[in-house]
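# Tertiary structure, described
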Amino acid sequence: VAASENLAVRFAHGDARWLPFEDEFDVAIMLCEGAFSLMETDAMDVQILESVARSLKPRGTLIMTAPNAAFMLAQSQVKGFDLTTLRESFVLGKISPDGSGRTLQCTQRYYTCPELRCLLREAGFQEVEFFACTEKGYDLARKPSSAHFEFGAVARKT
């Protein structure tokens, strides 16, 4: 698709906490969590936000999604969800093409909108707006609620 639009696309593999860019991009997109919220500690999530902020040009925009703590708190009971850390622990299973299996112990951090706004501001973003992630897709005109498993944020670097 990029070639048909005459776009030069470069893919890089690396650690989101230590992106090797500075003031290079107009927009950064982090959808469906990716690394953010799946890191082992909250401090690592903060490092990702700071790394993305460094990578963006002044007035650059971050568009991201995050798991919604309000959704988890509205559930009557969720196995593996810790109310004191807002983390869910779970096991992921993977079967390789050769038939061998592997399991991973995982955690995922859920966020509230006020909490993520604070983290984004501390990372260097000033304007932060939230939107709903619904079963039909992203709805920029709708605010997140406890009915949405995740929410989105659009943040502009100062």
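Up top you'll find the structure we're talking about.
Cut-off values and rules
Residues numbered from 1 in each chain as written. Predicted model: local features only at pLDDT ≥ 70, side-chain atom pairs only at ≥ 80, totals over all residues. Heavy atoms only, no water. 1 Å grid on protein atoms, 1.4 Å probe; cavity = no way out; pocket = protein on both sides within 12 Å on 5 of 7 lines; lining within 4 Å. Points joined across faces, edges and corners; volume = space filled by probe spheres on them. Helix = DSSP H or I, 4+ residues; strand = E, 2+ residues; numbered from the N terminus. Nonpolar A, V, L, I, M, F, W, Y, C, P; charged D, E, K, R; others polar. Pairing = 2+ DSSP bridges. Expected span 1.5 Å × (residues − 1). Contact = heavy atoms within 4.5 Å. Buried < 20%, exposed > 50% of the residue type's maximum accessible area, 1.4 Å probe, protein only. Core = buried A, V, L, I, M, F, W, Y, C linked by side-chain atoms within 4.5 Å.

## Some points on the layout of surface pockets
Taken as a whole, the largest pocket encloses approximately 690 Å³ of empty space. For the largest pocket, the lining is made up of 24 residues, of which Ala12, Leu19, Phe21, Phe25 and Ile29 are closest to its centre. When residues of the lining of the largest pocket are traced back to their parent elements, those giving at least two are β1 (25-30) and α1 (42-55). At five residues, β1 tops the list of elements feeding residues into the lining of the largest pocket. When its residues are assigned to classes, the lining of the largest pocket shows 16 nonpolar, four polar and four charged.

## What to know about the sheet that holds strand β4 (residues 87-95)
With respect to topology, three strands assemble into an open sheet ordered β3-β4-β5, the strand pairing being antiparallel. Sheet topology places β3 (81-82) and β5 (101-109) at the edges, where each strand pairs with a single neighbour. Relative to β4, β3 runs antiparallel, the two being bridged by two bridges. Bridging across to β4, Asp82 finds its partner in Arg87.

## What about α1?
For α1, spanning 14 residues, the distance from its first C-alpha to its last is 20 Å, which sits close to the expected 20 Å at 1.5 Å a residue. Of the surrounding secondary structure, the elements contacted by the buried residues of α1 are β1, β2 (56-67), β5, α3 (113-123), β6 (125-134) and β8 (150-157).

## Describing the pairing of β8
With respect to burial, β8 is a largely interior element, six of its eight residues being buried. Sheet topology places β2 next to β8; seven bridges connect them, and they run antiparallel. Of the residues in β8, the one forming a bridge with Thr65 is Gly152. Direction of pairing for β6 relative to β8: antiparallel, over a ladder of eight bridges. For Phe130, the partnering residue across the bridge sits in β8 and is Ala153.

## Considerations on the nonpolar core
Residues Phe36, Leu49, Leu62, Met64, Leu116, Leu120 and Phe125 are the most contacted members of the largest nonpolar core, which totals 24 residues. Looking at this core, the elements that each hand over two or more residues are β1, α1, β2, α3, β6 and β8. Sort the elements by how many residues they give to this core and α1 lands first, with five residues. When neighbours within four sequence positions are excluded, Leu49 is seen to be in contact with Met30, Phe36, Leu62, Met64, Leu116, Leu119, Leu120, Ala123 and Phe125. Core analysis: the next-biggest nonpolar cluster, separate from the first, contains six residues, Ala69, Phe71, Met72 and Tyr110 among them.

Without other data, these values stay purely geometric and don't point to any function.
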